[in-house]
Structures are given as C-alpha cells and as structure tokens.
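Breakdown of the fold
Chain residues, written in single-letter form:
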Amino acid sequence: MTMLLAITAATGNAQTDGFKYTDESFADIQMLRYKVEGFENLSLRQKTFVYYLSEAALQGRDILFDQNGRYNLRIRRALETIYTDYAGDRSSKDFQAMTVYLKRVWFSSGIHHHYGCEKFVPEFSETWFREALQSVWQKTHLCRYFRRWVTKPGEETLSHDEVCRRFCDEICPIMFRQEIMPMRVNQKDGDDLILTSAENYYGEGITQAEAEEFYALRAAPNDPRPIMTGLNSRLVRGEDGNLREAVWREHGLYGTAITKIIKCLEQAKPFADNEQQVKVIDKLIEYYRTGDLRTFDEYSILWLKETEGLVDFVNGFTETYGDPLGMKASWESIVNFKNLEATERTKKLSANAQWFEDHSPVDSRFKKEEVKGISAKVITAAMLGGDLYPSTAIGINLPNSDWVRKDHGSKSVTIGNLTDAYNKASHGSGFDKEFVIDDATRELIRKYGDACDDLHTDLHECLGHGSGKLLPGTNPDTLKVYGSTIEEARADLFGLYYVADPKLVELGLTPNLDAYKSQYYTYMMNGLMTQLVRIKPGNTIEEAHMRNRALIAHWVFEKGKADKVVELTKKRGKTYVKINDYAKMRDLFGKLLAEIQRIKSEGDYNGARDLVETYAVKVDANLHKEILERYARLKLAPYKGFINPVYQAVRDAEGKIIDVTVSYDEAYDAQMLRYSKEYNNLPDVNN
Ligand code: ZN
C-alpha cells in the first residue's frame, strides 16, 4: 500500500552536474548518493530542525537489526571488530570475502537479503572466522558482555579464548549452516510461517497458531476505529508459559534506543515550522513513552493533517512487510522538505484537471462531470534511517491504518531527489547504448528523458488515477485479479496520451512537441523488451505494474502492425524497438485508454481478462533469453541503496547552532562504522 519502488531500468547518457551519484558496488548492490538540493537555502531554523530530526532518524538503527533477527547485532559487531582491528593478511581471500559479507549485513540490517529474504552464504571459512575473531576478541566489547552469557553456573572464571570459542559455537551455525534460519520472512503456504521465519517479532518456539489465537482473542471486529493490534511489540512467552507482548517503548523493549530518539525529538521541537508540528512531535513522544496504539492513531491523524510546514518527517514503527503475519512494524525514518518547484508542477496539472478530463479520448458517459486533481507533494529527502536505509522507497503514502485513511485521508509524497539520483546514476551505465536503437533516439532521451519521466509520473498520479467514473451499479471489485493491472494501465495511458499534448507546452511543462517522443520510446522499449530483465527464465509476468506496461506495449505493437507504427528489428543479431510514427502511436494510446476506461466503468470482467491474458502475461522465450544475456554483459547491479549525507552543526562559544553544513564524501564503510559507534543504542542481546 505504501511503498513505491523504483524501476531500475532506465536510459540516457552521461549527464554530469559535478555530483557523484554512484559509489562503490559489491555483491548484487550498487551504492548511490542523493543530493539534498536546496538545503543551503533553508533558514537557520529549518536547517537546525532538519539536523535534530536527522539525529532522531539515526538513533533507531540498532532496533531494525534486532527486529530482523535475534543474532544480527552480535554478528555485526563481531564482524566490525575483525574489519577494523584484524592484524593478519587483509588481502587474503577470506578477509576480502568477509568484507563483502559485512557490507551486505550493513546493507540488509542483518544476515538475510533485504529483498529476497534468503540468508547470505559466507564465502570465507568458519575456521578462518573463528581464528580472526579470536585474534581481536579482547578489542570487542562482546568479550565482557558475553562472559556472563556463556559462563555456566558454578564455573570458574573462563579464559578469553574460551569465552570467544563459546560465542563462536553459538553464532557460527547461524552464519554458516544454510538449513538454520534460511529465510527472514517465509511466505510459503502450508508452512508454519513464524517457526520458519528468522525475523525477531515472535519469541523462540512460538507457533503461528499460538500467535493467531493470541491476536484473535484481542480483535475488536465491531470497532469502527480498530487499533493496529500488535504493531509495536514482540510476542513472547512469559515465565509462566503464557504469551504476552513485550512493547517497544521507553523503559520497555528497545527502550534505550527509544529514549535517545525522544531526546532528539525534544531538541528538534523548538525549531518546528508551526504549532501543528509541535503537536505532532509531542504526540509522537507520548506514543514512544507509553506504547499506546490509540495514541499512535492520534499522532497519525495530527501528522497527516500537517501539510503547511516545509520540513516533514516519519519516525517510528511503520511498515509490516518484515512480519510474515503482516502485523508487526519495522522501525524507519525519513526527514525531508518540500521541493517547491516540483510541487508547483503538480499544482499546475491539478488546477487544469477538468480540462484534461473533458478532452480525454474516453466516451463521455465514463467521464467525471466534476474532477479534482490531487496535488502530489514532491519532497527532497534529507536523511534516511532504519528500514528506509540504505535501500529505500521513492514514494510514501501513510498512515497505514485503514480507519484513519477512510475517515481522515492520507499523506502521499514522491521523493524527487531519490528518483533523480536513480536516473542520473543510470546515465552512462551502458544500458541505453545496448538497448536504444540509434544515436538520434539516444540524444532525444538524453535531452528530455528524465523530465518527461517525471511528468508522466505526475500525470499518472495527479490525474490518471482520479479520472473517469464507474457507471451506476458497477461494483468496483468486479475486475478481481485483473483490477489492479487495469487500473495501473488506465493511469499510465492517461499519462502517455497527455504527455504528447500541446496543452503541456502551453502550460510550460514540456519545452516543445518533440520531447514526449523520449517517453514513448523508453516506454515501448521497457514494455516490449527491457523490463524482462526482472523476470527469471521460464516465468511469466505476474506483478501488476509490469503487466500493465506489457499490456500497453504489446497491444499498441499489435494494433499498429498494419501501419508499421512500431516494429522490432534486428541489427547484428540484436533486437531493437523501432518507432516509425509517433503521432499514430498517440492515437493508439488514446484508443486503448478509451477501451480500458470502458472495461473499468462497465465492470467488464471478461474484457479485462482477455486483454490481460492476451497481452500482459506471456513472455517470448527467445527474446527473453536474448535480453537477459545482453543485460548480464552490462554487469549492472540489480539492487541499489543510498549513502546518507553528513550534517555538521557549527556552534558558537555557548554551544548554540549558528549553521548546519552538508557534505557528501563519507565512504560507505566509514558511515556504517560511525553509525555503529555513535548510535550504538542497544545491547547485543535484547530479550
Ligand atoms: Zn498507479
């Protein structure tokens, strides 16, 4: 519901503005940097506000590591000490492999893949690891901490080596044996989802049936405003054998980290943009202190209604993807401020929403008499933390509580500078050189690609989803499994149709009547070919957004065949998209929009099924194989994440902040090690 993930395949050529968007890569990860455009122009008050909120965003880092698995913190800390203090051969294969492993652990906040959830396979040996840890053991604080954990009643004082050996006996099976904790979140039907998932939201040995029973007894089915039960706690078994919740709050589980978060929020408060924001912060602090989920709902309502301030933030237990039962929320934070220029763009579209509705190629019976555009807020991310770091979302739509959304609405934003960084980083990746047909098209994409991409997203979000209406009596759920593909196609087609309209030139949103061609080309290339890089050989297309793109591209390809509107041609054995008639292509987008709107308005299930099954699901095996091979040769990392900027508070003699500076040169490992030291807020074992 709430996360919009980046489409990584993008095109274009090198386009430098002096900022280094790409950094190191390792395993299947490419590290990027984002630019906090406009930070320098904020007032001192706003900068200071961002500074303290950013501190609050980092204070909860250890919480996520522990939520992702009960051994993560101690494994991370053992690896970090080897990384910083190992005096043996640092160029050895084992040390190098350990370095990659640690970088992956940092990236995923644990020992499982951040996206696929499978456990990493260490490519260094267990023997090497035990020796390496032994050699730095006394430099780790684990040495003192674990003595009491591993000493059995009545035992004499253990030697350091013995404590280390026992520590390794406990964590080595977790790290090295693939059959132990193989998945962080297991979703396989028929398994006990809790017993087979390594996440740390449920105490050891608690079964799915027990957890479900525990929460079924607490459900309030007739409550019109149900709290999100279980959201902010671990379910544990008490001494008496009964289940109870260990709530994440001040003086509760994770209390030491939460106390630090509260302190930073208190420091931020005097610099808030307005009174409503002060109320938001006060309510959040109250929630962190009490752990009361009613208070959390009150906070959410205050937060979503605060839209005037320039600076905004999310800080708390938010998304539930990490819990196989979808109840318990991982900790995350983002600090941001409005991108006024881009928000202006979406305001222009919204202000003209009725014009777009009236002129769309859709049958007038399906048009809204009165349409309201949504003015999407475009924000600039200033700091990412917890489950939004380093891997992050490019859009946020919160809160998640159904009744709050229904009664009070939600706040929806796109994070402009992260999208921008993804785009800039893809320039010069060789992708366009491999897949775009010729120099002229590449030049078009270089000039207009990013801008038209943004515009297409704006049209999709601000106007597309809000356009059209159902005929009276049409049940909105009639299209069932095809519903979301049809809905996304509708919004995309609205964008594709209008991105080529002279109205956009008139509104100053596109520079001329050629720019849209860059969007048409990349859209068709993606839908017909390059999005297949995300599908495994032999599989069909399942995900709704991917199905929608395939549907549109294949339909237009087929219907334009007679007029040769678009073709697939071969050059030196490689397939390329060739567009011969952009104007006719626009007509086809318009025709399909009309048909898809009809299907939606009438609730024509068979029509939806036929379109989707014919155009959106199947994959041409030969073309797929070719695309995968060409993509593999580019050696692009499929996953990306961000290194944060560094904010420095400049203080006067009394300690008052007189300026905040931002810099972008901290290395990935340096940042992670610094965070581990400065925001070292939880013990190794959190029970
Ligand atoms: Zn959409």
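Residues numbered from 1 in each chain as written. Predicted model: local features only at pLDDT ≥ 70, side-chain atom pairs only at ≥ 80, totals over all residues. Heavy atoms only, no water.

Our next topic: the overall build of the protein chain. The secondary structure content of the protein chain amounts to 25 helices and 15 strands. On C-alpha atoms alone, the protein chain measures out to a radius of gyration of 27 Å, which is about the 26 Å that the 2.2 N^0.38 rule sets for 687 residues. Long-range pairs, those at least 24 residues apart, make up 74% of the contacts in the protein chain between residues at least 6 apart in sequence. Counting 91 positive and 102 negative side-chain charges, the protein chain places the centres of these two groups 2 Å from one another. (Helix = DSSP H or I, 4+ residues; strand = E, 2+ residues; numbered from the N terminus. Rg over C-alpha atoms; globule rule 2.2 N^0.38 Å. Contact = heavy atoms within 4.5 Å. Lys, Arg positive; Asp, Glu negative; His and termini not counted. Charge placed at Lys NZ, Arg CZ, Asp CG, Glu CD.)

What follows deals with helix 1 (residues 44–59). Along its 16 residues, helix 1 runs 23 Å from first to last C-alpha, staying within 8% of the 22 Å computed at 1.5 Å per residue. Of all 16 residues making up helix 1, 14 are buried, and the element is well covered by its neighbours. (Expected span 1.5 Å × (residues − 1). Buried < 20%, exposed > 50% of the residue type's maximum accessible area, 1.4 Å probe, protein only.)

Before going further, it helps to examine the packing of helix 21 (residues 544–559) against helix 23 (residues 605–615). The interhelical angle for the contact between helix 21 and helix 23, taken along N-to-C directions, is 85°, at an axis separation of 8 Å. With respect to each other, helix 21 and helix 23 are oriented roughly perpendicular. Of the residues in helix 23, those in contact with Arg 547, Ala 550, Leu 551, His 554, Trp 555, Glu 558 and Lys 559 of helix 21 are Leu 611, Val 612 and Tyr 615. When its residues are assigned to classes, the contact of helix 21 with helix 23 shows six nonpolar, one polar and three charged. (Axes fitted to C-alpha atoms, helices over the stretch in contact; angles between N-to-C directions. Parallel < 35°, antiparallel > 145°, perpendicular 65-115°, else oblique. Nonpolar A, V, L, I, M, F, W, Y, C, P; charged D, E, K, R; others polar.)

Moving on, we come to the nonpolar core. Counting 140 residues, the largest nonpolar core has Ile 82, Phe 129, Leu 133, Leu 265 and Tyr 647 as the members making the most contacts within it. A per-element tally of this core places helix 7 (residues 160–176) first, with nine residues. Beyond its immediate chain neighbours, meaning those up to four positions away, Leu 133 contacts Ala 78, Ile 82, Cys 164, Phe 167 and Cys 168. (Core = buried A, V, L, I, M, F, W, Y, C linked by side-chain atoms within 4.5 Å.)

This brings us to unusual backbone geometry. Residue Tyr 389 is joined to Pro 390 through a cis peptide bond whose omega torsion reads -10°. Among the secondary structure elements, Pro 390 is positioned in the loop between strand 8 (377–386) and strand 9 (395–398). Its identity as a non-glycine residue notwithstanding, Met 181 has a phi of 45°, on the positive side. Mapped onto the elements of the fold, Met 181 is located in the loop between helix 7 and helix 8 (208–218). Backbone geometry at Arg 572 places phi at a positive 45°, although glycine is not the residue there. Secondary-structure assignment places Arg 572 in the loop between strand 11 (566–571) and strand 12 (574–579).

Glancing now at the pattern of salt bridges. In this structure the tally under the stated criterion is 55 salt bridges. Each of Glu 126, Arg 130, Glu 155, Glu 162, Arg 165, Arg 166 and Asp 169 takes part in one network of salt bridges that share partners. (Salt bridge = Lys/Arg side-chain N within 4 Å of Asp/Glu carboxyl O.)

Our next topic: the packing of aromatic side chains. Scanning the model with the defined rule gives 46 aromatic pairs in all. Grouped by ring-pair contacts, the aromatic residues Phe 26, Tyr 83, Tyr 86, Phe 95, Tyr 101, Trp 106, Phe 120, Phe 124, Trp 128, Phe 129, Phe 176 and Tyr 668 constitute a single cluster. Cation over ring: Lys 411 sits above Trp 303, and NZ or CZ is 4.2 Å from the ring centre. The ring of Tyr 605 carries the charged tip of Lys 480 above its face, separated from the ring centre by 5.4 Å. (Phe/Tyr/Trp six-rings, centres within 6.5 Å; stacked < 30°, edge-to-face > 60°. Lys NZ or Arg CZ within 6 Å of the ring centre and 35° of its normal.)

Next up on the list: the state of the cysteines. Throughout the structure, instances matching the rule amount to zero disulfides. Lacking any disulfide linkage, Cys 172 is separated from the closest cysteine sulfur, that of Cys 168, by 4.6 Å. Unpaired in terms of disulfides, Cys 462 finds its nearest cysteine sulfur in Cys 452, a separation of 15 Å. (Disulfide = S-S within 2.5 Å.)

Let us now look at the sheet that holds strand 3 (residues 29–33). Pairing in this open sheet of three strands is mixed, and the strands run 2-3-13 from one edge to the other. Two strands bound the open sheet, and with one partner strand each, they are strand 2 (22–26) and strand 13 (639–643). Put simply, the sheet's adjacent strands are angled 25° from each other on average, direction ignored. Strand direction decides the pairing type here: strand 2 and strand 3, joined by three bridges, are antiparallel. By the bridge assignment for strand 3, Phe 26 is matched with Ile 29. Docked against the sheet, helix 4 (residues 93–108) engages strand 2, strand 3 and strand 13, running at close to 115° with respect to strand 2. This element, helix 25 (residues 668–678), spans strand 2, strand 3 and strand 13 of the sheet and lies at about 80° to strand 2. (Pairing = 2+ DSSP bridges.)

Considering the arrangement of structural elements, one finds Gly 386 in strand 8. Excluding residues that lie within four positions of it along the chain, Gly 386 makes contacts with Ala 57, Leu 64, Trp 331 and Glu 332.

What follows deals with helix 25. Since the α-helix packs 3.6 residues into each turn, any two residues three or four apart lie on the same face. Every buried residue of helix 25 is accounted for by Tyr 668, Gln 671, Met 672, Tyr 675 and Ser 676. Considered in projection along helix 25, the buried side chains sweep an arc of 130° and stay on one side of the axis. (Arc of directions from axis to C-beta.)

Its location among the elements puts Lys 103 in helix 4. Within the structure, the side chain of Lys 103 is placed 2.7 Å from the side chain of Glu 24, a separation counted as a polar contact. Not counting residues within four places of it along the chain, the set of residues in contact with Lys 103 comprises Glu 24, Phe 26 and Tyr 668. (Polar contact = N/O pair within 3.5 Å; in protein donor to acceptor, adjacent residues only side chain to side chain.)

Moving on, we come to the packing of helix 17 (residues 439–464) against helix 20 (residues 516–528). Between two packed helices, the angle of one axis relative to the other and the distance separating the axes together describe the packing. Contact geometry for helix 17 and helix 20: axes closest at 7 Å, N-to-C directions at 90°. Viewed along their axes, helix 17 and helix 20 adopt a mutual orientation that is roughly perpendicular. Side by side, helix 17 and helix 20 meet where Thr 441, Leu 444, Ile 445, Tyr 448, Gly 449, Cys 452, Asp 453 and His 456 of the first sit next to Tyr 516, Lys 517, Ser 518, Gln 519, Tyr 521, Thr 522 and Tyr 523 of the second. Split by residue class, the contact of helix 17 with helix 20 holds seven nonpolar, six polar and two charged.

Let us look at the environment of Ser 391. Checked against the element boundaries, Ser 391 lands in the loop between strand 8 and strand 9. Residue class for Ser 391 comes out partly exposed when judged on its relative accessible area of 21%. Look past the residues within four positions of Ser 391 in its chain and what remains in contact with it is Phe 107, His 114, Lys 640 and Gly 641.

If you trace the backbone, Lys 411 turns up in strand 10 (residues 411–415). Residue classification places Lys 411 among the buried residues on the basis of a relative accessible area of 7%. Taking the C-alpha atoms as reference points, Lys 411 and Thr 307, 104 residues apart in sequence, are found 8.3 Å from one another. Not counting the four nearest positions on each side in its chain, Lys 411 is found in contact with Trp 303, Leu 304, Glu 306, Thr 307, Asp 312, Ile 396, Asn 397 and Leu 398. Among the polar contacts listed, one links the side chain of Lys 411 to the backbone oxygen of Glu 306, at a separation of 2.8 Å.

Turning next to the confidence of the model for the protein chain. Looking at the protein chain as a whole, its pLDDT mean stands at 93, while 97% of the residues score no less than 70. Per-residue pLDDT stays below 50 along residues 1–15; that stretch engages in 59 contacts with residues further than four places along the chain or on separate chains. (pLDDT = per-residue confidence, 0-100.)

Along the chain, Gln 30 turns up in strand 3. Leaving out residues up to four positions away in the same chain, Gln 30 has contacts with Thr 22, Asp 23, Glu 24, Ser 25, Ala 637, Tyr 639, Lys 640 and Gly 641.

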